[in-house]
Amino acid sequence: MIRTQRLAAGFCALLAALTAGLAFPAGAVADETTANAPKVNLVLDVSGSMRAKDIDGGSRMAAAKQAFNEVLDATPEEVRLGIRTLGANYPGDDQKTGCKDTAQLYPVGPLDRTEAKAAVATLTPTGWTPIGPALLKAAEDLDGGTGSKRIVLISDGEDTCAPLDPCEVAREIAAKGIGLTIDTLGLVPNVKMRQQLSCIAEATGGTYTSVEHTEELTDKVNQLVDRAADPVVTPVATQGADSCAKAPTLKSGLYTDREEFGQERWYRVDLGPGKELRASVSVSADRAMNPDYGLLVRAVTAHGREIVRGEAAGNGRTDVISTGLRYPKAESDDDDAPAETVCVQVTNSYSAAAGVKTTPGMPLELTVDVVDGPSQASDVASFGLGRGWWLLGALVLAGFLAGVLWGWLSRWRVAVWRTN
């Protein structure tokens, strides 16, 4: 009897162990999925001006609530969504208190649509417009995880909590290199509000949209939430040096950095025989710039000899300027031939008027690819034309035949004219 009980107890213990062993990996997979999930924080202005009735015959607040309800219904299952408010709780006149009025209405996480809609339904236009403080808190809400992170700010007015400049806040967020994008939507915008919301979006590579109808608001927010669910490559934050000797060594990937006006940034790439380095760089003018500027990227040897360069110029009409380069390294007969250290230098000639802050530096995005080098048969680059020689030859032949035909027709017409 005792032996039977011991066998039964042992069997139960084994079953429990197997069950636990199966459960823990499942939990680990669930945690990994959550960590990689895209996150979106909707930041809604609930200040007193949202009472204005100038959107499709209703108030701005009513339009925002209707748009939010439709967006919540359409949010993809894999998106972790949250809602933060600004100006929703303090109705008084004390600016110091009003500029702290931002709260997480619905936490960023798996979406309970009914609960989120009930929270939105309680909102009433109340107080100030602390955009800067709300963006700082919204970025904290999205902290952690490796998936894409996006803030969607919806406001009907400019920030009322100076001197905390929302543009500077956005630049500080971008400078952290956490891959967070801020998109802004302006309800019935004026010039000053448009400039501020555009500046916030540009600082993080986001978009600004003017909205004057409920349907436009719904469609745009849906697009931004859906975009967060799309697979993206999250840039890796790096910090270039002021010389090649101190530069970080980069592998193939997408990197972000910051570069001040007229500053040099250096990076190193190890390039083996038979490989090709492809590098491209973009610098964003996220603040007011003087026109006529340039961007230069060079590949040089560890001893300072220039190998190849790429350069681009701008005249103030675009916010981003980009250029790139390619450097193939020849094959080696020695199987143990060491890799060559290639130094990549990025330099800009941006300048700004007095009063424009130079820190943090402008956003810089660098793409590095080390791929198999071209073969003579597959990637001929004769005089820079490559396979274009075939097209050039066909055009020459076609031109010759057309010339012969035209000449024969002309002589025939002249002969007929003389005969008649």
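Above this text you will find the structure in question.
In this text, all values refer to a predicted model and were calculated from it rather than measured experimentally.

1. Some points on unusual backbone geometry
No. 1: With an omega dihedral of -5 degrees, the bond running from T359 to P360 counts as a cis peptide bond.
No. 2: Residue position: P360 is located in the loop between strand 14 (340-348) and strand 15 (362-372).
No. 3: With phi around 65 degrees, D292 is a residue other than glycine that occupies positive phi space.
No. 4: Position of D292 relative to the elements: it lies in the loop between strand 10 (275-284) and strand 11 (293-301).

2. Topic: the packing of aromatic side chains
No. 1: In total, this model carries one aromatic pair according to the counting rule given.
No. 2: Geometrically, the ring pair formed by Y293 and Y350 is stacked, given 4.5 Å between the ring centres and 20 degrees between the ring planes. With Y293 in strand 11 and Y350 in the loop between strand 14 and strand 15, the pair connects residues that are 57 residues apart, well separated along the chain. Take Y293 and Y350: they sit in the same class, and that class is buried.

3. Side note on the nonpolar core
No. 1: In terms of nonpolar packing, the biggest core is built from 31 residues, with L42, L44, I154, L185, L217, V221 and V225 touching the most fellow members.
No. 2: With seven residues, the top contributor of residues to this core is helix 2 (residues 60-74).
No. 3: When sequence neighbours within four positions are dropped, the list of residues in contact with V221 reads L42, V71, I154 and L185.
No. 4: One finds Y255, V269, V342 and V368 within the second-largest nonpolar core, a separate group that totals 27 residues.

4. Side note on a nonpolar patch on the surface
No. 1: A contiguous nonpolar surface patch, about 690 Å² in accessible area, is contributed by L405, W406, W408, L409, W412 and V416.
No. 2: Mapped onto the secondary structure, V416 falls in helix 9 (residues 388-419).
No. 3: Among the residues examined, V416 registers a relative accessible area of 34% and is labelled partly exposed.

5. Quick notes on the side chain of K149
No. 1: As for its placement among the helices and strands, K149 is situated in strand 4 (residues 149-155).
No. 2: At 6.5 Å, D143 is the nearest oppositely charged side chain to K149, a buried residue that forms no salt bridge.
No. 3: In this structure, K149 is in contact with K39, L142, G144, I178, G179, L180 and T181, ignoring residues within four places of it in sequence.

6. Considerations on the sheet that holds strand 7 (residues 236-237)
No. 1: One open sheet holds the five strands; their spatial order is 7-8-15-10-13, and the pairing between them is mixed. The two strands at the open ends of the sheet, each matched to only one other strand, are strand 7 and strand 13 (320-328).
No. 2: Inspection of the sheet shows strand 7 paired to strand 8 (residues 253-259) by two bridges, in the parallel sense. Its bridge partner being in strand 8, A237 is matched across the sheet by T256.

7. Considerations on the layout of surface pockets
Gaps between atoms show up when a probe of the same size as a water molecule is rolled over them.
No. 1: In this model, the largest pocket occupies a volume close to 990 Å³.
No. 2: In terms of lining residues, the largest pocket is bounded by 43 residues, among which T204, G205, P235, T256 and E365 are the most central.
No. 3: Counting only elements with at least two residues in the lining of the largest pocket, the list comes to strand 4, helix 6 (166-175), strand 5 (180-187), helix 7 (191-203), helix 8 (214-229), strand 8, strand 10 and strand 15.
No. 4: No other element matches the four residues that strand 8 contributes to the lining of the largest pocket.
No. 5: Among the residues making up the lining of the largest pocket, the classes are represented as 17 nonpolar, 16 polar and 10 charged.

8. A short note on the pattern of salt bridges
No. 1: Tallied over the entire structure, the rule returns 19 salt bridges.
No. 2: A salt bridge links R171 to D286, with the nearest nitrogen and oxygen atoms 3.7 Å apart. Note that R171 is positioned in helix 6 and D286 in the loop between strand 10 and strand 11, a separation of 115 residues in sequence.
No. 3: The partner of D257 in a salt bridge is R265, with the nearest N and O atoms 3.3 Å apart.
No. 4: The buried category is assigned to D257, whose relative accessible area is 10%.

9. A closer look at the sheet that holds strand 14
No. 1: Here we have four strands laid out as an open sheet, ordered 9-14-11-12, and antiparallel in their pairing. For this open sheet the edge positions go to strand 9 (264-271) and strand 12 (306-314), each flanked by a neighbour on one side alone. Each neighbouring strand pair of the sheet contributes to a mean axis angle of 15 degrees, computed without reference to strand direction.
No. 2: Summarising the sheet, strand 11 and strand 12 pair through eight bridges and their orientation is antiparallel. Residue V300 lies in a different strand from strand 12, and its bridge partner there is E306.

10. Looking at the pairing of strand 5
No. 1: When you tally the buried positions in strand 5, you get eight out of eight residues, the bulk of the element.
No. 2: Alternating positions in strand 5 separate into two faces, L180, I182, T184 and G186 on one and T181, D183, L185 and L187 on the other, with burial throughout.
No. 3: Here strand 4 runs beside strand 5; their pairing, made up of seven bridges, is parallel. In the sheet register, L153 faces strand 5, and the bridge partner there is T184.

11. Notes on a negative patch on the surface
No. 1: Together, D56, E70, E212, E215, E216 and D219 make up a negatively charged patch on the protein surface.
No. 2: The greatest single-element share of the negative patch, amounting to three residues, is contributed by helix 8.
No. 3: In this structure, E215 sits in helix 8.

12. Considerations on the state of the cysteines
No. 1: Summed over the entire model, instances satisfying the criterion amount to three disulfides.
No. 2: The disulfide partner of C167 is C199, and the gap between their sulfur atoms is 2.2 Å. Here C199 lies in helix 7 and C167 lies in helix 6, a separation of 32 residues in the sequence.
No. 3: Bridging C244 to C343, the disulfide has an S-S length of 1.8 Å.

What counts and how
- Residues numbered from 1 in each chain as written.
- Predicted model: local features only at pLDDT ≥ 70, side-chain atom pairs only at ≥ 80, totals over all residues.
- Heavy atoms only, no water.
- Helix = DSSP H or I, 4+ residues; strand = E, 2+ residues; numbered from the N terminus.
- Phe/Tyr/Trp six-rings, centres within 6.5 Å; stacked < 30°, edge-to-face > 60°.
- Buried < 20%, exposed > 50% of the residue type's maximum accessible area, 1.4 Å probe, protein only.
- Core = buried A, V, L, I, M, F, W, Y, C linked by side-chain atoms within 4.5 Å.
- Contact = heavy atoms within 4.5 Å.
- Patch = residues over 30% accessible without salt bridge, like charges linked within 9 Å, V, L, I, M, F, W, Y side chains within 5 Å.
- Areas by Shrake-Rupley, 256 points an atom, 1.4 Å probe, with all protein chains shown as cover.
- Salt bridge = Lys/Arg side-chain N within 4 Å of Asp/Glu carboxyl O.
- Lys, Arg positive; Asp, Glu negative; His and termini not counted.
- Pairing = 2+ DSSP bridges.
- 1 Å grid on protein atoms, 1.4 Å probe; cavity = no way out; pocket = protein on both sides within 12 Å on 5 of 7 lines; lining within 4 Å.
- Points joined across faces, edges and corners; volume = space filled by probe spheres on them.
- Nonpolar A, V, L, I, M, F, W, Y, C, P; charged D, E, K, R; others polar.
- Axes fitted to C-alpha atoms, helices over the stretch in contact; angles between N-to-C directions.
- Charge placed at Lys NZ, Arg CZ, Asp CG, Glu CD.
- Disulfide = S-S within 2.5 Å.

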